[in-house]
Each structure stands twice: as C-alpha cells, then as structure tokens.
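# Coordinates in review
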Amino acid sequence: MRKKFVAGNWKMNKTISEARQLVAELQPLLEPLHNIDRAVCPTSLALPAVADMLADSEIGVGAQNMYWEESGAFTGELAPAMVAEICQYVIIGHSERRQFFGETDESVNRKVKAALAHGLTPIVCIGESLEENQAGQTAAVVSRQVRGGLADLSPEQGAKLVIAYEPIWAIGTGLAATPEDANAIHRDVVRPALAEIFGDDVAQRIQIQYGGSVKPDNAAAFFAQSDIDGALVGGASLKAAAFEGIAKAAAEA
Ligand code: 13P
C-alpha cells in the first residue's frame, strides 16, 4: 500500500515572517496525521526559517527548484548540497518553471539526478497544456515527460522518486481535473511508463500526486481513486485550515 503524500507548493508567496506564521499554525494541525507523508515547500529565502521550525517534526521541507551543478559561477541558483543541508524534498520541473524559465525534460533529468545524488527526494512534475489536452495529446506528452525526465535512472533511484501529475489548465484556475480523468492518467499512462523504465515492483511503489485546484472540498474524491497517492497543492496550501482539510482527507482515505 502506498502512503498518501500531501505537499504544499507555496510558489512565490509568503515573506519569511509570513512563512513562520503559517508554519506555526500548520504544525499542530498536521503533526498528528502520522499515517500520511506531508511537506511544505516555501521560497528558498524562507527555507532556513521553516526548516528550523520543523527540525524535529515529521513534516518534511522541500525546495521549489535547484540547479544541477555542484557549485560555482551560476548567479542566482541553489546548489544541491545547499538544499540537501536543510530539505528532504525538491520540486523539479514544475510547469511554471517549464513555461516561464525555459526548463525542459533534459534539464529536469539533470536536476533529478543531482537531487538523488544528494539524498533528496525529487517531486517530479509533469502535465499537459490546455492545447495539448484539447488536441488529444495528453498521454503522449505525459509519457514523453516521464521518459525524458527520468532517463538513465536505475530502479533503485526510481524507487526514491515522487511524481506529480499537474495538468497546466487545472493549475490556479479552480477548474480541477475530474478525479476519474486524473486517475486514468496516473493508472493508464504514468504508472505504465514508470513500469517500463523501472519494472512493475518499483512502479507500484512510487507515489503519484495529483495537482491542480485541489481544495478541501474536492480532495477526498481524488484520494479515493486507486492511483492518486496524494496532492501537490498550490493556492490552498497558503491557508492553514485549507491545507489541514486536504491533509485530513488524505489521512482518512
Ligand atoms: P493550485 O493548487 O493553486 O492549482 O496549484 C497547483 C500547483 O501548481 C502545485 O504545484
């Protein structure tokens, strides 16, 4: 049985003091939910403060991005060792990074390898655009992203991954995929692609989150699906009560 995993992607929100405030509210609400994995992903500037607060907590901390090089002249970037010093997770290849910052399956692949080499759990994001969805290309796009982003990894490395399927048209729009449609992508496209790369045993163990307008009132329907193993939550992770609602739905699924 795969554990459910609920992670909050705060994106470019919350100053350091606001991040502290949110974690202070969130921690007592999430800490008791021992049967699920949970994590928050603040901005890199707020990471040290949040990691300090959650040092003895079961709640994991993740970065939203990092570079693949070890160190050096890469102005503005974070090295894997810097992230690994205070984080357990790192989001890789979020659609906003692909859309606005030129990330590709190849850069995702380099980052995933660097994250694994530093003991981080990558949360690898995949998902099709509205145009691709309407053109019936979802399965092709998603399998290409899985194969490209996870190229040349061993089954041992594969077992350490988390995947987040986030259809771009569902992100921040209030227009979530239906739980049945999302599950069909997880079960019939993503997991079979993982099985081809890593073998069925490993593929069955990998948590596949859904992301895109997950809220407290639709979360349970997603978590009731066979192959939806949690959620990567944007907007609703910025309010303690809303994120708690989603985490509770996962804990009760
Ligand atoms: P929303 O939950 O705001 O739709 O964002 C989803 C997302 O992009 C999480 O990474």
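The paragraphs below set out a description of the structure included in this document.

Conventions we followed
- Residues numbered from 1 in each chain as written.
- Predicted model: local features only at pLDDT ≥ 70, side-chain atom pairs only at ≥ 80, totals over all residues.
- Heavy atoms only, no water.
- Helix = DSSP H or I, 4+ residues; strand = E, 2+ residues; numbered from the N terminus.
- Expected span 1.5 Å × (residues − 1).
- Buried < 20%, exposed > 50% of the residue type's maximum accessible area, 1.4 Å probe, protein only.
- Contact = heavy atoms within 4.5 Å.
- Pairing = 2+ DSSP bridges.
- Right-handed = clockwise from strand over helix to strand, strands pointing away.
- 1 Å grid on protein atoms, 1.4 Å probe; cavity = no way out; pocket = protein on both sides within 12 Å on 5 of 7 lines; lining within 4 Å.
- Points joined across faces, edges and corners; volume = space filled by probe spheres on them.
- Nonpolar A, V, L, I, M, F, W, Y, C, P; charged D, E, K, R; others polar.

### Re helix α1 (residues 16-30)
Since there are 3.6 residues in each turn of an α-helix, residues three or four apart along the chain are aligned in direction. With 15 residues, α1 extends 20 Å from end C-alpha to end C-alpha; this agrees with the ideal 21 Å at 1.5 Å per step. Those residues of α1 that sit buried are A19, L22, V23, L26 and L30. Where α1 is buried, its residues meet β2 (37-41), α2 (47-53) and α12 (240-252).

### Brief notes about the pairing of strand β1 (residues 5-9)
Along a regular strand, successive side chains alternate from one face of the sheet to the other. Within β1, five of the five residues are buried, leaving the element largely enclosed by the surrounding structure. What you see with β1 is no split at all: F5, A7 and N9 on one side and V6 and G8 on the other are buried throughout. Where β1 and β2 come together, five bridges link them in parallel fashion. Of the residues in β2, the one forming a bridge with G8 is V40. Between β1 and its parallel partner β2, the chain crosses via α1, and the hand of that crossover is right-handed. Strand direction decides the pairing type here: β1 and strand β8 (residues 230-233), joined by four bridges, are parallel. The residue bridging A7 from the neighbouring strand is L232, located in β8.

### Re the layout of surface pockets
Of the voids in this model, the largest pocket is the one considered here, and its volume is about 540 Å³. Lining of the largest pocket is provided by 22 residues; of these, M12, Q64, N65, R97 and F101 occupy positions nearest its centre. Considering every element that reaches the lining of the largest pocket, the biggest residue donor is helix α4 (residues 95-101), with four residues. By residue class, the composition of the lining of the largest pocket is 11 nonpolar, seven polar and four charged. Looking at the second largest pocket, its volume works out to about 200 Å³. Every residue lining the second largest pocket is counted, 21 residues in all, and those nearest its centre are K11, G172, S213, G234 and G235.

Coordinates in, geometry out; function isn't part of it.
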